[in-house]
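# Inside the fold
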Amino acid sequence: MYKVGFDNNKYIKMQSDNILKRISCFNKLYLEFGGKLFDDHHASRVLPGFEPDSKIKMLNAIKDRVEMMLVISAEHIEKNKVRGDLGITYYQDLMRLIDAFNEAGLYVGSVVITHYSKQPEAQRLKRKLEKLGIRVAYHYPIDNYPNDIDLILSKDGFGKNDYIENTRDIIVVTAPGPGSGKMATCLSQMYHDNLHGIKAGYAKFETFPIWNLPLNHPVNLAYEAATVDLNDINMIDPFHLSTYNEVAVNYNRDVEVFPVLNDLLEKINDGHSMYNSPTDMGVNTVGYCIVDDEVCQNASKEEILRRYYETLVDIRKEKTSEDTLAKLQIIMKKAGIGKDDRKVASAANKKAKETGGPAVAIELPDGRIITGKTTKLLGASSAALFNALKAIGGIDDIKLLSSRIIEPIQTLKTKYLKGNNPRLHTDEILIALAIESETSPVCKRAMEALNLLAGSEVHSTVILSEVDINTFKKLGMYLTMEPVYSTKRLYHKH
């Protein structure tokens, strides 16, 4: 029932070929990776058929030529900066990335600590990594970067930075998050390579915005919605238009910095730059691999709506401001959608109005909408999940778990673990279902239907617990919530 709009195999082949074509112009290529290398779920949501690990598969296709260079800012280490999507610090994510690259068979050559001003935590990280056999370089702040080109390209600019000699010709430069200094790291290495007589090039591995889709195409608008907190704005690349008379979409930060960046590239490479526009710098074949534009447009509109509801909840939790919501509403208007276009939200709110309590609705990949209400035994999320499993598994309208199974778990939660809520969370009912599936053919059929829930849309009329949020996420279901708590308490766990 899953509608595909993107050819993933074609993408891996085209992207790999384009990287190899780009490296043919140089002795070495620094390839800055924008966005997520692992678990790119945004791309998989707006481009159905795109696999979250596509970029790793692509790199594995050329891994004998690839060396990973990870970048982290000393300022981010010192401030314990956290990745909002993962809930871990940049320092922790750096370690996670190193492990993940090693497990994927990719060679981790070095770590660069940028913005270094003798921060103690940065020094501690360097010692730890070197004990693990990983080379570490310090890069220092440069006054008036990137505008003072003469200073940057001197012994007091890039010349102060540690230089790492690479063993392979494609250097993938990535980081735990934005603001880490990936581009400056690439340029610094190129400066030192030039001093060593090595002809090095620079390119960006891009996914969004998709340069050869219209500016207000829903896929590109969904990227704006995803980066609304960074103030990224999609725009027509004026340099590309003036050079090639071809419309290309880029984003404001790359367009703004291009003149300075191009000057740096020219001076590093003895007056020569192969790029006429920021779009030229990108290696991005995503637009050529869309096989059903309508599917991708619809998926992107759903993503914009999910970002809208997510922002409503963040405002309720005081994690963001009304300004963010206003920007999203502008994006929604450009996409020609409103909050009522999220069908699963309308179904959940209707069910809540009918029952007078919290409700959850699930839109299955085949378009059917299943609802669940709060009962004495189950929370609305658990009830909706069970109803969805029965619908997918073709199970008659019978109880999957009897009170004989549920009540002892409730007793454990309230009497022995001193919990206030006797209703079973989604993880608890799934564990109970797994146990029952050993003896019950019906429960076994429901368990086997779990994998078919991926790609379903979910909406709750109240803010759910982290347990339920994580269960839906692990099942590959796309959750939104109303900005309402289920109780009137002043304290809520976030």
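Heads up: these notes are all about the structure in this document. (Residues numbered from 1 in each chain as written. Predicted model: local features only at pLDDT ≥ 70, side-chain atom pairs only at ≥ 80, totals over all residues. Heavy atoms only, no water.)

Ordered by their spatial adjacency, 7 strands build an open sheet running S6-S5-S2-S7-S1-S8-S11, and the pairing between neighbours is parallel. Across the chains shown, the open sheet's two edge strands, defined by having one partner strand only, are strand S6 (135–138) and strand S11 (282–283). Where strand S8 (residues 200–205) meets S11, 2 bridges bridge the pair, whose relative direction is parallel. From the neighbouring strand, Phe 205 faces S11, where its bridge partner is Val 283. Set on the sheet, helix H6 (residues 120–131) makes contact with strand S2 (66–73), strand S5 (107–114) and S6; between it and S6 the angle comes to about 155°. (Pairing = 2+ DSSP bridges. Helix = DSSP H or I, 4+ residues; strand = E, 2+ residues; numbered from the N terminus. Contact = heavy atoms within 4.5 Å. Axes fitted to C-alpha atoms, helices over the stretch in contact; angles between N-to-C directions.)

Turning to the nonpolar core, a few remarks are in order. One finds Leu 47, Met 68 and Phe 101 to be the most contacted residues of the largest nonpolar core, which totals 105 residues. With near-sequence residues (within four places) excluded, Met 68 lies in contact with Leu 37, Leu 59, Phe 101, Leu 106, Tyr 107, Val 108, Gly 109, Ser 110, Val 172 and Thr 174. (Core = buried A, V, L, I, M, F, W, Y, C linked by side-chain atoms within 4.5 Å. Buried < 20%, exposed > 50% of the residue type's maximum accessible area, 1.4 Å probe, protein only.)

Those residues of helix H3 (residues 54–61) not exposed but buried are Ser 54, Lys 55, Ile 56, Met 58 and Leu 59. The elements touched by buried residues of H3 are helix H1 (8–23), strand S1 (28–33), S2, helix H5 (90–103), strand S7 (170–174) and S8.

Moving on, we come to the packing of helix H9 (residues 218–226) against helix H14 (residues 322–335). Where H9 contacts H14, the axes come no closer than 10 Å and their chain directions differ by 175°. On the basis of the axis angle, H9 is roughly antiparallel to H14. Where H9 abuts H14, its residues Leu 221, Glu 224 and Ala 225 lie against Leu 328, Ile 331, Lys 334 and Ala 335. Class assignment of the residues belonging to the contact of H9 with H14 gives a composition of 5 nonpolar, no polar and 2 charged. (Parallel < 35°, antiparallel > 145°, perpendicular 65-115°, else oblique. Nonpolar A, V, L, I, M, F, W, Y, C, P; charged D, E, K, R; others polar.)

Turning our attention to the environment of Tyr 91. For Tyr 91, the location among the structural elements is in helix H5. Between the C-alpha atoms of Tyr 91 and Ser 321, which are 230 residues apart in sequence, the distance is 27 Å. The residues contacting Tyr 91, other than those within four sequence positions of it, are Ile 72, Leu 125 and Lys 128.

In a beta sheet, neighbouring strands are held together by backbone hydrogen bonds and run either parallel or antiparallel to one another. Strand order in this open sheet of 4 strands is S13-S12-S14-S15, and the pairing throughout is mixed. The open sheet is flanked by strand S13 (369–373) and strand S15 (478–481), the only strands paired with a single partner. Strand-to-strand twist across the sheet, computed as the mean angle between neighbouring axes with direction ignored, equals 15°. Note that strand S12 (residues 359–363) and strand S14 (residues 457–460) share 4 bridges and pair antiparallel.

Below, the discussion takes up the pairing of S5. Most of S5 sits inside the fold, with 7 of its 8 residues counted as buried. Across 7 bridges, the pairing between S2 and S5 is parallel. Bridge assignment links Ile 72 to a residue of S5, and that residue is Ile 113. Across 4 bridges, S5 lies against S6 in parallel orientation. Counterpart to Ile 113 in the pairing with S6 is Tyr 138. Chirality of the crossover, the property in question, places the unit of S5, H6 and S6 among those that are right-handed. (Right-handed = clockwise from strand over helix to strand, strands pointing away.)

Turning next to the environment of Asn 194. If you trace the backbone, Asn 194 turns up in helix H8 (residues 182–195). Residue Asn 194 is classed as partly exposed on the basis of its relative accessible area, which comes to 30%. Separated by 74 residues in the primary sequence, Asn 194 and Ile 268 place their C-alpha atoms 6.8 Å from one another. The contacts of Asn 194, once residues within four sequence positions are left out, are Ile 268 and Asp 270. A polar atom in the side chain of Asn 194 sits 3.1 Å from the backbone oxygen of Ile 268. (Polar contact = N/O pair within 3.5 Å; in protein donor to acceptor, adjacent residues only side chain to side chain.)

Here the focus is the pattern of salt bridges. A complete count under the given rule lists 24 salt bridges for this structure. Arg 65 is the partner of Asp 169 in a salt bridge, and the nearest nitrogen-oxygen pair spans 2.6 Å. With Asp 169 in the loop between helix H7 (149–152) and S7 and Arg 65 in the loop between H3 and S2, this pair connects stretches of sequence that are 104 residues apart. Take Arg 65: its relative accessible area is 35%, and that puts it in the partly exposed class. (Salt bridge = Lys/Arg side-chain N within 4 Å of Asp/Glu carboxyl O.)

What follows concerns H9. The element H9 is extensively covered by neighbouring structure, given that 8 of its 9 residues are classed as buried. Buried within H9 are the following residues: Pro 218, Val 219, Asn 220, Leu 221, Ala 222, Tyr 223, Glu 224 and Ala 225.

What follows deals with the side chain of Asn 269. Structurally, Asn 269 is set in the loop between helix H11 (252–268) and helix H12 (278–281). The exposure class assigned to Asn 269 is buried, which follows from its relative accessible area of 19%.

Turning next to the packing of aromatic side chains. In this structure the tally under the stated criterion is 13 aromatic pairs. Among the aromatic side chains, those forming a connected cluster through ring pairs are Phe 6, Tyr 11 and Phe 50. When the ring centre of Tyr 138 is taken as reference, the NZ or CZ atom of Lys 126 above it lies at 5.4 Å. (Phe/Tyr/Trp six-rings, centres within 6.5 Å; stacked < 30°, edge-to-face > 60°. Lys NZ or Arg CZ within 6 Å of the ring centre and 35° of its normal.)

With that settled, the discussion passes to unusual backbone geometry. That bond from Tyr 145 to Pro 146 is cis: its omega, 5°, falls within 30 degrees of zero. Of note, Pro 146 is situated in the loop between S6 and H7. Here the bond from Phe 208 into Pro 209 is cis, since omega is -10°, no more than 30 degrees from zero. Considering the arrangement of structural elements, one finds Pro 209 in the loop between S8 and H9. With phi around 65°, Lys 118 is a residue other than glycine that occupies positive phi space. Position of Lys 118 relative to the elements: it lies in the loop between S5 and H6. With a relative accessible area of 65%, Lys 118 lands in the exposed category. Positioned with a positive phi, Lys 418 is a non-glycine residue whose angle comes to about 60°. Within the fold, Lys 418 resides in the loop between helix H17 (403–416) and helix H18 (426–436).

On the surface, a cluster of nonpolar side chains totalling about 290 Å² of accessible area is made up of Tyr 2, Val 4 and Val 291. Structurally, the position occupied by Val 4 is in the segment before H1. (Patch = residues over 30% accessible without salt bridge, like charges linked within 9 Å, V, L, I, M, F, W, Y side chains within 5 Å. Areas by Shrake-Rupley, 256 points an atom, 1.4 Å probe, with all protein chains shown as cover.)

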